[in-house]
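The residues making up each chain are set out below.
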Amino acid sequence: MLYYNESGDSSIVTVLPRRSKFSRADYSGHAVGYAKTVQEQVVATNFDYVFILSSLNWDFKVTRIMRYLTQARQSGGQPVVILTKADLVEDYNLPLAEVTQSIPDVPVHAICSHTGLGLNELDPYLMPGKTVVFLGMSGVGKSSLLNALIEQDVMKVQAIREVDSRGRHTTTHRQLFMLPSGTMVIDTPGMRELGLFDADEGIRASFTDVEEWFPQCRFTDCRHQAELGCAVLAALADGSLPRERWEHYVTQQHENKYVQDKTSYLIDKRARNKTIAMWSKQSKKNGGWKK
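Residues numbered from 1 in each chain as written. Predicted model: local features only at pLDDT ≥ 70, side-chain atom pairs only at ≥ 80, totals over all residues. Heavy atoms only, no water.

Quick rundown of the nonpolar core? Include the residues and the values.
Core analysis: the largest hydrophobic core is formed by 64 residues, its most contacted members being Phe-51, Leu-83, Val-99 and Phe-134. By residue number, the principal contributor to this core is helix H1 (residues 62-75), which donates six residues. The residues contacting Phe-51, other than those within four sequence positions of it, are Val-80, Ile-82, Leu-122, Tyr-125, Leu-126, Val-132, Val-133, Phe-134 and Leu-135. (Core = buried A, V, L, I, M, F, W, Y, C linked by side-chain atoms within 4.5 Å. Buried < 20%, exposed > 50% of the residue type's maximum accessible area, 1.4 Å probe, protein only. Helix = DSSP H or I, 4+ residues; strand = E, 2+ residues; numbered from the N terminus. Contact = heavy atoms within 4.5 Å.)

See below:
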């Protein structure tokens, strides 16, 4: 709730509880392997749909979409994949089929914000009272899509770099917009890297086809590496489980565990510092050190 003041600064009186939350790992400016601690960066909250935008240019990667999807499933919102700039490819049905095959249980739409191609497919999500968050790298067309949906140029649009099809930061902070349909849109800055954070449930939901092999292993603590009677190894050998799919699962699990370990270290460190501070304060209160 906001207390509006016509003559000065307005005040935030009440903040709604979070019913959905999209977070990413914050390495505090360090490379992943050199980060001493990892903190949670909350990108957006209280939304119904997560629009994962990916441009159909030279920088198009299904694996990146899968990373966003894992964190989106962790958020509590419904993920929707939006393939932008469909006018850049001769046949957008090919990448559309590639994403659909890799992510069979998530809606995928190919659009062009400038021509209006596919925008009508988004109408079922853009209902009054609903909130959508836009996520994706710089240059994928978040600002262009927002301009098309709001039917006016509310966001500045910049050209991508020709050398690598990467975008420049157009949106530098989070903004909330109201569409003519009554839908709220949270526009976020482009993310060059998305670090998974507390993504256990998101990974489980994204890789149910992988984890369904685990109960069939001979040993309950099977590591799926060289154990006898491993159902995963057998499935990889006969092609029942695609090796690429398994590698994506292992990569995300390793990253998630790394972040959890670093986060636990930070929590433990804060707890230790708090205990030391309380102990020091109590010691001073009792007259300090005794010889």
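Talk me through helix H2 (residues 93-102); I want residue IDs and the actual numbers.
Among the residues of H2, Pro-95, Leu-96 and Val-99 are the ones counted as buried. Seen along its axis, H2 keeps its buried residues to an arc of 105 degrees; they face one direction. Opposite the packed face of H2, turned more than 90 degrees from it, sit the exposed residues Leu-94 and Gln-101. Where H2 is buried, its residues touch H1, strand E6 (78-84) and strand E7 (108-110). (Arc of directions from axis to C-beta.)

Could you give an account of a nonpolar patch on the surface, with specific residues and numbers?
Where nonpolar side chains cluster on the molecular surface, the patch consists of Met-1, Tyr-3 and Val-13 and spans about 380 Å² of accessible area. Tracing the sequence through the fold places Met-1 in the segment before strand E1 (2-3). For Met-1, a relative accessible area of 65% corresponds to the exposed category. (Patch = residues over 30% accessible without salt bridge, like charges linked within 9 Å, V, L, I, M, F, W, Y side chains within 5 Å. Areas by Shrake-Rupley, 256 points an atom, 1.4 Å probe, with all protein chains shown as cover. Salt bridge = Lys/Arg side-chain N within 4 Å of Asp/Glu carboxyl O.)

Run through the pattern of salt bridges, naming residues and quoting values.
All chains considered together, the criterion is met by nine salt bridges. Between Lys-21 and Glu-40 there is a salt bridge whose closest N-O contact spans 2.9 Å. In this pair, Lys-21 sits in strand E3 (residues 21-26) while Glu-40 sits in strand E4 (residues 39-45), placing the two residues 19 residues apart along the sequence. Asp-209 is the salt-bridge partner of Arg-245, the closest N and O atoms lying 3.0 Å from each other. Taken as a pair, Arg-245 in helix H7 (residues 243-285) and Asp-209 in helix H5 (residues 208-211) lie far apart in primary sequence, 36 residues in all. Members of the salt-bridge network, linked through shared partners, are Glu-201, Arg-204 and Glu-211.

Let's hear about empty space enclosed by the protein: which residues, and what values?
For the structure on display, the rule yields one cavity of 30 Å³ or more. There is about 120 Å³ of room inside the largest cavity. Along the walls of the largest cavity sit 17 residues, with Ser-54, Ser-55, Arg-64, Met-137 and Val-140 positioned nearest its centre. Elements supplying a minimum of two residues to the lining of the largest cavity: strand E5 (49-55) and H1. (1 Å grid on protein atoms, 1.4 Å probe; cavity = no way out; pocket = protein on both sides within 12 Å on 5 of 7 lines; lining within 4 Å. Points joined across faces, edges and corners; volume = space filled by probe spheres on them.)

Could you give an account of unusual backbone geometry, with specific residues and numbers?
Non-glycine residue Asn-46 carries a positive phi angle of around 55 degrees. Classification of Asn-46 by relative accessible area gives buried; the value is 17%. Positive phi, close to 55 degrees, is recorded for Lys-85, a residue that is not glycine. Tracing the backbone shows Lys-85 in the loop between E6 and H2.

Help me get a handle on the packing of aromatic side chains, residues and values and all.
For any two aromatic rings, the description comes down to two numbers: the centre-to-centre distance and the angle of the planes. Taken as a whole, this structure holds seven aromatic pairs when the rule is applied. When the centroid spacing of 5.8 Å and the interplanar angle of 85 degrees are considered together, the rings of Phe-51 and Tyr-125 count as edge-to-face. Residue Phe-51 is located in strand E5, and its partner Tyr-125 is located in the loop between E7 and strand E8 (131-135); the two are separated by 74 residues in the primary sequence. Looking at Phe-51, the relative accessible area reads 0%, which means it is buried. Seen in terms of ring centroids, Phe-214 and Tyr-249 are 5.9 Å apart; in terms of plane orientation they differ by 65 degrees. Their pairing is edge-to-face. Taken together, the residues Phe-214 in the loop between H5 and helix H6 (231-238) and Tyr-249 in helix H7 connect sequence positions 35 residues apart. For Tyr-249, a relative accessible area of 6% gives the class buried. Grouped by ring-pair contacts, the aromatic residues Tyr-49, Phe-51, Tyr-125 and Phe-134 constitute a single cluster. (Phe/Tyr/Trp six-rings, centres within 6.5 Å; stacked < 30°, edge-to-face > 60°.)

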